[in-house]
Amino acid sequence: MARLKPPRPLDESDDRESFDCGRESMNQWFRRHAWRNQQLGVSRTTVLEDSESGAIAGYVTLSTGQIEREFLPKASQRNKPDPIPIFLLGQLAVDRRFQGMGVARSLLFYALTTSVLVSRQIGSFGVLTHPLDEEVRGFYRRFGFEELPGDPRRAMIVRIKDLERNGFGAG
Ligand SMILES: CC(C)(COP(=O)(O)OP(=O)(O)OC[C@H]1O[C@@H](n2cnc3c(N)ncnc32)[C@H](O)[C@@H]1OP(=O)(O)O)[C@@H](O)C(=O)NCCC(=O)NCCS
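The structure reproduced in this document is the subject of the present report. (Residues numbered from 1 in each chain as written. Predicted model: local features only at pLDDT ≥ 70, side-chain atom pairs only at ≥ 80, totals over all residues. Heavy atoms only, no water.)

A word on the overall build of the protein
Part 1 of the argument: Check the secondary structure of the protein and you find five helices and seven strands.
Part 2 of the argument: Secondary structure elements of the protein occur, N-terminal to C-terminal, as β-α-α-β-β-β-α-β-α-β-β-α.
Part 3 of the argument: Here the C-alpha radius of gyration of the protein, 16 Å, is about what a compact globule of 171 residues would show, namely 16 Å.
Part 4 of the argument: Counting only C-alpha atoms, the protein reaches 50 × 35 × 30 Å along its principal axes.
Part 5 of the argument: Taking all contacts inside the protein whose residues are at least 6 apart in sequence as the whole, residues at least 24 apart take part in 64%.
Part 6 of the argument: Element-wise, carbon and sulfur atoms account for 48% of the exposed surface of the protein, whose accessible area totals about 9700 Å².
Part 7 of the argument: Side chains of the protein carry 25 positive and 22 negative charges; the gap between the two charge centres is 5 Å. (Helix = DSSP H or I, 4+ residues; strand = E, 2+ residues; numbered from the N terminus. Rg over C-alpha atoms; globule rule 2.2 N^0.38 Å. Contact = heavy atoms within 4.5 Å. Areas by Shrake-Rupley, 256 points an atom, 1.4 Å probe, with all protein chains shown as cover. Lys, Arg positive; Asp, Glu negative; His and termini not counted. Charge placed at Lys NZ, Arg CZ, Asp CG, Glu CD.)

Right under this line is the structure:
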(Lines give C-alpha, C1' and ligand atoms only; values in the text may rest on other atoms or scores of the structure.)
Protein backbone atom coordinates (compact mmCIF):
# COMPACT_ATOMS: atom_id res chain seq x y z
CA MET A 1 0.00 0.00 0.00
CA ALA A 2 1.36 3.39 -1.02
CA ARG A 3 2.05 6.00 1.65
CA LEU A 4 0.94 9.35 0.39
CA LYS A 5 1.59 12.88 1.56
CA PRO A 6 -1.43 15.11 2.22
CA PRO A 7 -3.06 16.77 -0.81
CA ARG A 8 -1.15 19.84 -2.03
CA PRO A 9 -1.19 22.21 -5.03
CA LEU A 10 0.66 21.14 -8.18
CA ASP A 11 4.20 22.56 -8.26
CA GLU A 12 6.23 23.49 -11.32
CA SER A 13 8.96 21.00 -10.28
CA ASP A 14 6.56 18.02 -10.13
CA ASP A 15 7.43 15.23 -12.58
CA ARG A 16 4.48 15.28 -14.96
CA GLU A 17 6.28 13.45 -17.79
CA SER A 18 6.33 10.03 -16.12
CA PHE A 19 2.68 10.19 -15.01
CA ASP A 20 0.63 7.50 -16.75
CA CYS A 21 -3.02 6.85 -15.87
CA GLY A 22 -3.62 4.70 -18.96
CA ARG A 23 -5.56 7.40 -20.80
CA GLU A 24 -3.38 9.37 -23.15
CA SER A 25 -5.70 12.39 -23.30
CA MET A 26 -5.47 12.82 -19.53
CA ASN A 27 -1.70 12.23 -19.49
CA GLN A 28 -1.30 14.89 -22.15
CA TRP A 29 -3.53 17.35 -20.32
CA PHE A 30 -1.46 16.89 -17.16
CA ARG A 31 1.82 17.36 -19.05
CA ARG A 32 0.83 20.27 -21.26
CA HIS A 33 -1.91 22.22 -19.55
CA ALA A 34 -2.02 21.58 -15.81
CA TRP A 35 0.85 23.90 -14.86
CA ARG A 36 -0.05 26.63 -17.35
CA ASN A 37 -3.65 26.68 -16.10
CA GLN A 38 -2.36 26.79 -12.53
CA GLN A 39 -0.26 29.86 -13.35
CA LEU A 40 -3.19 31.54 -15.08
CA GLY A 41 -5.48 30.68 -12.17
CA VAL A 42 -8.15 29.22 -14.47
CA SER A 43 -8.03 25.80 -12.80
CA ARG A 44 -6.46 24.45 -9.63
CA THR A 45 -4.77 21.07 -9.69
CA THR A 46 -4.21 19.25 -6.41
CA VAL A 47 -1.85 16.27 -6.30
CA LEU A 48 -1.19 13.31 -4.02
CA GLU A 49 2.52 12.49 -3.87
CA ASP A 50 4.03 9.13 -2.93
CA SER A 51 6.15 9.79 0.17
CA GLU A 52 8.88 7.31 -0.78
CA SER A 53 9.48 8.00 -4.47
CA GLY A 54 8.09 11.54 -4.79
CA ALA A 55 6.03 10.32 -7.78
CA ILE A 56 2.65 11.92 -8.42
CA ALA A 57 0.13 9.19 -7.58
CA GLY A 58 -2.89 11.15 -8.77
CA TYR A 59 -4.34 14.55 -9.45
CA VAL A 60 -7.69 16.32 -9.40
CA THR A 61 -8.62 19.64 -10.96
CA LEU A 62 -11.28 22.13 -9.89
CA SER A 63 -12.57 25.35 -11.40
CA THR A 64 -15.85 27.26 -11.52
CA GLY A 65 -18.48 26.90 -14.23
CA GLN A 66 -22.15 27.07 -15.03
CA ILE A 67 -24.90 24.92 -16.55
CA GLU A 68 -28.14 25.67 -18.33
CA ARG A 69 -31.15 25.37 -16.04
CA GLU A 70 -32.84 23.11 -18.60
CA PHE A 71 -30.15 20.46 -18.01
CA LEU A 72 -31.79 19.67 -14.64
CA PRO A 73 -34.78 17.32 -14.33
CA LYS A 74 -38.02 19.29 -14.93
CA ALA A 75 -39.08 19.08 -11.28
CA SER A 76 -35.79 20.65 -10.09
CA GLN A 77 -35.80 23.61 -12.49
CA ARG A 78 -38.24 25.81 -10.54
CA ASN A 79 -36.95 28.77 -8.57
CA LYS A 80 -33.39 28.48 -9.90
CA PRO A 81 -31.34 31.04 -11.82
CA ASP A 82 -30.36 30.45 -15.44
CA PRO A 83 -27.52 29.66 -15.87
CA ILE A 84 -26.83 27.86 -12.59
CA PRO A 85 -23.36 28.24 -10.98
CA ILE A 86 -21.42 25.03 -10.30
CA PHE A 87 -17.92 23.82 -9.48
CA LEU A 88 -16.29 21.85 -12.28
CA LEU A 89 -14.31 18.74 -11.44
CA GLY A 90 -12.43 18.87 -14.73
CA GLN A 91 -9.89 16.07 -14.37
CA LEU A 92 -9.27 13.20 -11.99
CA ALA A 93 -6.65 10.56 -12.75
CA VAL A 94 -4.49 8.06 -10.90
CA ASP A 95 -1.14 6.73 -12.12
CA ARG A 96 -1.33 3.01 -13.03
CA ARG A 97 1.23 2.14 -10.35
CA PHE A 98 -1.18 3.47 -7.70
CA GLN A 99 -4.58 2.37 -9.04
CA GLY A 100 -6.82 0.21 -6.87
CA MET A 101 -5.41 1.63 -3.62
CA GLY A 102 -8.04 4.24 -2.82
CA VAL A 103 -6.15 7.18 -4.36
CA ALA A 104 -9.14 8.31 -6.47
CA ARG A 105 -11.37 8.00 -3.41
CA SER A 106 -9.00 10.30 -1.47
CA LEU A 107 -8.80 12.82 -4.32
CA LEU A 108 -12.56 12.88 -4.66
CA PHE A 109 -13.01 13.29 -0.91
CA TYR A 110 -10.62 16.24 -1.03
CA ALA A 111 -12.37 17.82 -4.05
CA LEU A 112 -15.88 17.40 -2.64
CA THR A 113 -14.91 18.67 0.82
CA THR A 114 -13.16 21.68 -0.73
CA SER A 115 -16.25 22.39 -2.86
CA VAL A 116 -18.52 22.37 0.19
CA LEU A 117 -16.19 24.67 2.13
CA VAL A 118 -15.81 27.13 -0.76
CA SER A 119 -19.59 27.09 -1.37
CA ARG A 120 -20.01 28.79 2.00
CA GLN A 121 -18.26 31.86 0.53
CA ILE A 122 -18.97 31.47 -3.21
CA GLY A 123 -22.42 30.18 -4.17
CA SER A 124 -22.62 26.93 -6.13
CA PHE A 125 -25.37 24.41 -6.80
CA GLY A 126 -23.16 21.35 -7.10
CA VAL A 127 -20.02 19.66 -8.40
CA LEU A 128 -20.15 18.69 -12.06
CA THR A 129 -17.97 16.33 -14.08
CA HIS A 130 -17.87 14.91 -17.61
CA PRO A 131 -17.10 11.16 -17.31
CA LEU A 132 -15.12 9.76 -20.23
CA ASP A 133 -17.06 6.50 -20.62
CA GLU A 134 -19.63 4.18 -19.06
CA GLU A 135 -17.16 2.55 -16.68
CA VAL A 136 -16.14 5.92 -15.29
CA ARG A 137 -19.82 6.90 -14.94
CA GLY A 138 -20.12 3.91 -12.62
CA PHE A 139 -17.20 5.18 -10.58
CA TYR A 140 -18.82 8.59 -10.06
CA ARG A 141 -22.25 7.07 -9.36
CA ARG A 142 -20.73 5.28 -6.37
CA PHE A 143 -19.93 8.70 -4.93
CA GLY A 144 -23.44 10.17 -5.34
CA PHE A 145 -23.12 11.80 -8.77
CA GLU A 146 -26.34 11.73 -10.81
CA GLU A 147 -27.17 12.11 -14.48
CA LEU A 148 -28.11 15.53 -15.86
CA PRO A 149 -30.93 14.41 -18.16
CA GLY A 150 -31.05 17.54 -20.37
CA ASP A 151 -27.30 17.88 -20.97
CA PRO A 152 -26.14 16.83 -24.47
CA ARG A 153 -22.60 16.28 -23.06
CA ARG A 154 -24.00 13.86 -20.45
CA ALA A 155 -22.37 15.50 -17.45
CA MET A 156 -22.97 14.13 -13.95
CA ILE A 157 -23.56 16.25 -10.86
CA VAL A 158 -23.68 15.94 -7.10
CA ARG A 159 -25.53 18.69 -5.22
CA ILE A 160 -23.76 20.68 -2.51
CA LYS A 161 -26.75 20.25 -0.19
CA ASP A 162 -26.54 16.45 -0.61
CA LEU A 163 -22.81 16.53 0.14
CA GLU A 164 -23.49 18.54 3.31
CA ARG A 165 -26.23 16.11 4.29
CA ASN A 166 -23.66 13.34 3.95
CA GLY A 167 -21.19 15.09 6.25
CA PHE A 168 -18.80 16.70 3.74
CA GLY A 169 -17.33 19.89 5.18
CA ALA A 170 -18.52 19.12 8.72
CA GLY A 171 -16.19 19.90 11.63
C1 LIG B 1 -10.92 5.62 -12.61
C2 LIG B 1 -9.72 5.89 -11.67
C3 LIG B 1 -9.67 7.39 -11.39
C4 LIG B 1 -9.90 5.09 -10.37
O5 LIG B 1 -8.77 5.36 -9.53
P6 LIG B 1 -8.34 4.37 -8.33
O7 LIG B 1 -7.39 5.11 -7.47
O8 LIG B 1 -7.87 3.09 -8.90
O9 LIG B 1 -9.72 4.16 -7.58
P10 LIG B 1 -9.87 3.79 -6.02
O11 LIG B 1 -8.89 2.74 -5.66
O12 LIG B 1 -9.84 5.04 -5.21
O13 LIG B 1 -11.34 3.21 -6.01
C14 LIG B 1 -12.40 3.85 -5.33
C15 LIG B 1 -13.66 3.04 -5.54
O16 LIG B 1 -14.09 3.15 -6.91
C17 LIG B 1 -14.17 1.87 -7.50
N18 LIG B 1 -13.68 2.00 -8.88
C19 LIG B 1 -12.41 2.20 -9.28
N20 LIG B 1 -12.35 2.30 -10.63
C21 LIG B 1 -13.62 2.15 -11.07
C22 LIG B 1 -14.22 2.15 -12.36
N23 LIG B 1 -13.48 2.34 -13.47
N24 LIG B 1 -15.57 1.96 -12.43
C25 LIG B 1 -16.32 1.79 -11.32
N26 LIG B 1 -15.81 1.78 -10.07
C27 LIG B 1 -14.47 1.96 -9.96
C28 LIG B 1 -13.29 0.97 -6.67
O29 LIG B 1 -13.72 -0.37 -6.72
C30 LIG B 1 -13.45 1.56 -5.28
O31 LIG B 1 -14.63 1.11 -4.67
P32 LIG B 1 -14.57 0.37 -3.23
O33 LIG B 1 -13.77 1.27 -2.35
O34 LIG B 1 -16.00 0.27 -2.85
O35 LIG B 1 -13.90 -0.91 -3.53
C36 LIG B 1 -8.37 5.43 -12.30
O37 LIG B 1 -8.50 4.10 -12.71
C38 LIG B 1 -7.90 6.27 -13.47
O39 LIG B 1 -7.20 7.25 -13.28
N40 LIG B 1 -8.23 5.86 -14.71
C41 LIG B 1 -7.78 6.59 -15.90
C42 LIG B 1 -8.31 8.01 -15.97
C43 LIG B 1 -9.81 8.10 -15.84
O44 LIG B 1 -10.54 7.34 -16.45
N45 LIG B 1 -10.25 9.06 -15.03
C46 LIG B 1 -11.66 9.29 -14.75
C47 LIG B 1 -12.02 10.72 -15.01
S48 LIG B 1 -13.19 10.94 -16.33
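Next comes the rest of the write-up.
Focus: the site of the ligand
Part 1 of the argument: Residues in close proximity to the ligand total 20 residues, the closest being Val94, Gly100, Gly102, Arg105 and Arg142.
Part 2 of the argument: Between an oxygen atom of the ligand and a main-chain N or O atom of Val94, the distance comes to 2.7 Å.
Part 3 of the argument: Separating an oxygen atom of the ligand from a backbone N or O atom of Gly100 is a distance of 2.7 Å.
Part 4 of the argument: The protein chains hide 76% of the 900 Å² of surface that the ligand would expose on its own.
Part 5 of the argument: Where the shell around the ligand is concerned, the elements lending two or more residues are strand E4 (84-94), helix H3 (103-119) and helix H4 (134-142).
Part 6 of the argument: For the shell around the ligand, the element with the highest residue contribution is H4, accounting for six residues. (Near = heavy atom within 4 Å. Polar contact = N/O pair within 3.5 Å; in protein donor to acceptor, adjacent residues only side chain to side chain.)

Re the packing of aromatic side chains
Part 1 of the argument: Inspection of every chain in the model, using the stated rule, returns eight aromatic pairs.
Part 2 of the argument: Here the aromatic rings of Phe109 and Phe168 are separated by 5.6 Å at their centres, their planes lie at 40°, and the arrangement is tilted. Placement of the pair is Phe109 in helix H3 and Phe168 in the segment after helix H5 (160-165), with a sequence separation of 59 residues.
Part 3 of the argument: Since its relative accessible area comes to 18%, Phe168 is described here as buried.
Part 4 of the argument: Considering the side-chain rings of Tyr140 and Phe145, the 5.1 Å spacing of their centres and the 65° angle between planes classify their relative orientation as edge-to-face. (Phe/Tyr/Trp six-rings, centres within 6.5 Å; stacked < 30°, edge-to-face > 60°. Buried < 20%, exposed > 50% of the residue type's maximum accessible area, 1.4 Å probe, protein only.)

Overview of the pattern of salt bridges
Part 1 of the argument: Enumeration according to the criterion identifies 13 salt bridges in this entry.
Part 2 of the argument: The shortest N-O distance in the salt bridge between Glu49 and Arg8 comes to 2.7 Å. Taken as a pair, Glu49 in strand E2 (residues 44-49) and Arg8 in strand E1 (residues 8-9) lie far apart in primary sequence, 41 residues in all.
Part 3 of the argument: Looking at Glu49, the relative accessible area reads 12%, which means it is buried.
Part 4 of the argument: Looking at Arg8, the relative accessible area reads 22%, which means it is partly exposed.
Part 5 of the argument: The shortest N-O distance in the salt bridge between Arg96 and Asp20 comes to 3.1 Å. Here the residue Arg96 occupies a position in the loop between E4 and H3, and Asp20 occupies one in the loop between E1 and helix H1 (24-32), the gap between them amounting to 76 residues. (Salt bridge = Lys/Arg side-chain N within 4 Å of Asp/Glu carboxyl O.)

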